[in-house]
Amino acid sequence: MTAAPQALTTLRVPFSDLAAQTAEIRTELDAAWTQVVDSGRFVGGSVVEGFEQEWADYCGARWTVSVANGTDSLQLILRALGIGRGDEVIVPANSFIATAEAVALVGATPRFVDVDPRTLLIDAAQVAAALTPRTAAVIAVHLYGQMADMTALKTVTERAGLALIEDAAQGHGAYCGDARAGSVGIAGSFSFYPGKNLGAFGDGGAVTTSDEGLAARLRSIRDHGRSDSDRYRHDMLGTNSRLDALQAAVLSIKVKHLDAWTEARRAVAQDYREQLLDGLVQLVEETPSTPSVYHLAVVRTTQRDDAVSGLARAGVETGVHYPVPCHLQGPFRRYSPDPLPVTELAADQILSLPMFPHMTHQQVSYVCETLSSAVTPG
Ligand SMILES: *Cc1c(COP(=O)(O)O)cnc(C)c1O
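For the structure given in this document, a descriptive report is provided here. (Residues numbered from 1 in each chain as written. Predicted model: local features only at pLDDT ≥ 70, side-chain atom pairs only at ≥ 80, totals over all residues. Heavy atoms only, no water.)

Right, let's get into the overall build of the protein. Helices and strands together make up the secondary structure of the protein, namely 14 helices and 12 strands. Scaling as 2.2 N^0.38, a compact globule of 378 residues should have a C-alpha radius of gyration of about 21 Å, and the protein matches this with 21 Å. Along the three orthogonal principal directions, the C-alpha set of the protein runs to about 75 × 55 × 35 Å. When burial is assessed residue by residue, the protein has 54% of its 378 residues classed as buried. Looking at the protein alone, contacts between residues at least 24 apart form 70% of all its contacts between residues at least 6 apart. Carbon and sulfur atoms make up 51% of the accessible area of the protein, which totals about 16300 Å². Charged side chains in the protein number 30 positive and 43 negative. The centres of these two groups are separated by 5 Å. (Helix = DSSP H or I, 4+ residues; strand = E, 2+ residues; numbered from the N terminus. Rg over C-alpha atoms; globule rule 2.2 N^0.38 Å. Buried < 20%, exposed > 50% of the residue type's maximum accessible area, 1.4 Å probe, protein only. Contact = heavy atoms within 4.5 Å. Areas by Shrake-Rupley, 256 points an atom, 1.4 Å probe, with all protein chains shown as cover. Lys, Arg positive; Asp, Glu negative; His and termini not counted. Charge placed at Lys NZ, Arg CZ, Asp CG, Glu CD.)

Overall, antiparallel pairing links the three strands, which are arranged β10-β11-β12 in an open sheet. The open sheet has two edge strands with one neighbour each: β10 (282–283) and β12 (350–353). The pairing of strand β11 (residues 297–300) with β12 spans four bridges and is antiparallel. The residue bridging Val 298 from the neighbouring strand is Ser 352, located in β12. (Pairing = 2+ DSSP bridges.)

All right, on to the site of the ligand then. The environment of the ligand is made up of 13 residues, and the closest members are Gly 70, Thr 71, Asp 167, Ser 191 and Lys 196. One nitrogen or oxygen atom from the side chain of Asp 167 is found 2.8 Å from a nitrogen atom belonging to the ligand. With respect to the ligand, the side chain of Lys 196 contributes an N or O atom lying 2.7 Å from an oxygen atom. Bound to the protein, the ligand loses 92% of the 380 Å² it would expose on its own. Residue assignment for the shell around the ligand shows that the elements contributing at least two residues are α5 (70–80) and α6 (98–105). (Near = heavy atom within 4 Å. Polar contact = N/O pair within 3.5 Å; in protein donor to acceptor, adjacent residues only side chain to side chain.)

Excluding glycine, residues mostly carry a negative phi; peptide bonds, for their part, are mostly trans. In the segment running from His 321 into Tyr 322, the intervening peptide bond is cis, with an omega of 15 degrees. Within the element layout of this structure, Tyr 322 appears in the loop between α12 (304–313) and α13 (341–349). One non-glycine residue, Tyr 144, adopts positive backbone phi at about 70 degrees. The residue Tyr 144 is located in the loop between β4 (135–141) and α8 (150–160) in this model. Judged by its relative accessible area of 5%, Tyr 144 is buried.

Counting buried positions along strand β5 (residues 163–167) yields five of five residues, so the element is predominantly enclosed. Across the two faces of β5 the burial is the same, with Ala 163, Ile 165 and Asp 167 and Leu 164 and Glu 166 all buried. As judged from the five bridges shared by β4 and β5, these two strands associate in the parallel manner. Opposite Ile 139, over in β5, you have Ile 165 as the bridge partner. Chirality of the crossover, the property in question, places the unit of β4, α8 and β5 among those that are right-handed. When β5 meets strand β8 (residues 187–191), the two strands line up parallel, connected through three bridges. Within β8, the residue paired with Ile 165 across the bridge is Ala 187. (Right-handed = clockwise from strand over helix to strand, strands pointing away.)

The next point concerns the packing of aromatic side chains. Considering all chains together, one arrives at nine aromatic pairs under this definition. With centroids separated by 6.3 Å and ring planes inclined at 20 degrees, the aromatic side chains of Phe 51 and Trp 55 adopt a geometry described as stacked. Pair noted here: Phe 51 and Trp 55 are both in helix α4 (residues 46–59), with a separation of four residues, about one helical turn. Its relative accessible area of 0% is what places Phe 51 among the buried residues. Judged by relative accessible area, Trp 55 falls into the buried class, the value being 0%. Clustering of aromatic rings is evident, with ring pairs tying together Phe 51, Trp 55, Tyr 58, Phe 190 and Phe 192. The ring of Tyr 58 carries Arg 180 above its face, with NZ or CZ at 3.9 Å from the centroid. (Phe/Tyr/Trp six-rings, centres within 6.5 Å; stacked < 30°, edge-to-face > 60°. Lys NZ or Arg CZ within 6 Å of the ring centre and 35° of its normal.)

So, on to the pattern of salt bridges. Taken as a whole and assessed by the stated rule, the structure comprises 11 salt bridges. Two residues, Arg 273 and Glu 286, come together in a salt bridge whose shortest N-O distance is 3.3 Å. With Arg 273 in helix α11 (residues 258–275) and Glu 286 in the loop between β10 and β11, this residue pair connects regions lying 13 residues apart in the sequence. A relative accessible area of 35% means that Arg 273 is categorised as partly exposed. (Salt bridge = Lys/Arg side-chain N within 4 Å of Asp/Glu carboxyl O.)

This next bit is on the packing of α5 against α6. With their axes 9 Å apart at the nearest point, α5 and α6 run at an angle of 40 degrees to one another. Between α5 and α6, the angle falls in the class oblique. With respect to the hand of their crossing, α5 and α6 are arranged in right-handed fashion. Residues Thr 71, Leu 74, Gln 75 and Leu 78 of α5 form the contact with α6, whose own contacting residues are Ala 98, Thr 99, Glu 101, Ala 102, Val 103 and Leu 105. The residue makeup of the contact of α5 with α6, split by class, is six nonpolar, three polar and one charged. (Axes fitted to C-alpha atoms, helices over the stretch in contact; angles between N-to-C directions. Parallel < 35°, antiparallel > 145°, perpendicular 65-115°, else oblique. Left-handed = near helix turned anticlockwise from the far one by under 90°. Nonpolar A, V, L, I, M, F, W, Y, C, P; charged D, E, K, R; others polar.)

Quick look at the structure:
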């Protein structure tokens, strides 16, 4: 044997590399954390308010209301819109479980719809077909980093007089035409879980909205239903769901780097696209009007088991997002009598390859070469 295969097997490719991101901004982080620690202001305060303004500006929405995580942000939006028992909320079956979970947690009924076979995102035609007199809202999920077709969805929801909510937990900074994720629907929901494109050093989340009344209700609900004018008066039933100042400090620094990191992710995706075997393994489609921020690099292959084991043997980490669609998960099976064939077929074929801003060309090539020897034509 030559030395080449030996050299290749020593190259390990992690699914993601948060340490590289942290190293890039370490000096700024240390200074910001020290300031928060010295201030003694750990919940709320100017650091949190500063980040809320930055995130609203970044997304092109009037307000950001920060919360504890991206599941709470969905739940609080639904509660602030008065959605609950007796209401149906349309959600795509292909999503992280939290989208449907939030609907069920406010007492409403998730109604699952199938996705577009090319993008695997919520499909406006399927939404239109699923409307009932009880439908109160639609949650569009910008899955994998690509925005759903908000133009088509807006047409459907406006005609029916429904709230259109964006689950943008995987879509920080993504565009649909000229509009950024979080600026199109009545509200946008974000997660700052460490692995998201904009991630804190723990849990975090936010709602973006340009609706003044909704923003005010969200601010109250996240803080025990407190009234604006009197902190000892609780006008509505609230909860405790706030962003810590330490997390806000991290996010304020990272948001300045987000566009550069997104460009780096897009370059990695382009590199994958050029090197992946045509036909056998393909990246999920990106449409020209909805350029992806590539939270995940999802490919489809009919030989997923072979691909996963071949890559694992070569030291390449992969994931599947998601192997069991939401409507087939235990708590949700009772809501969906109809099969959803596009989602169910995709669940057996999708594979998430390593994707992170600091991924090198050599790492992408190694993944693609390993993949091409793991799957066989014909
Ligand atoms: C991560 C995620 C959430 C939930 O966010 P958490 O901060 O983990 O609660 C919701 N929806 C989608 C699509 C996600 O990827």
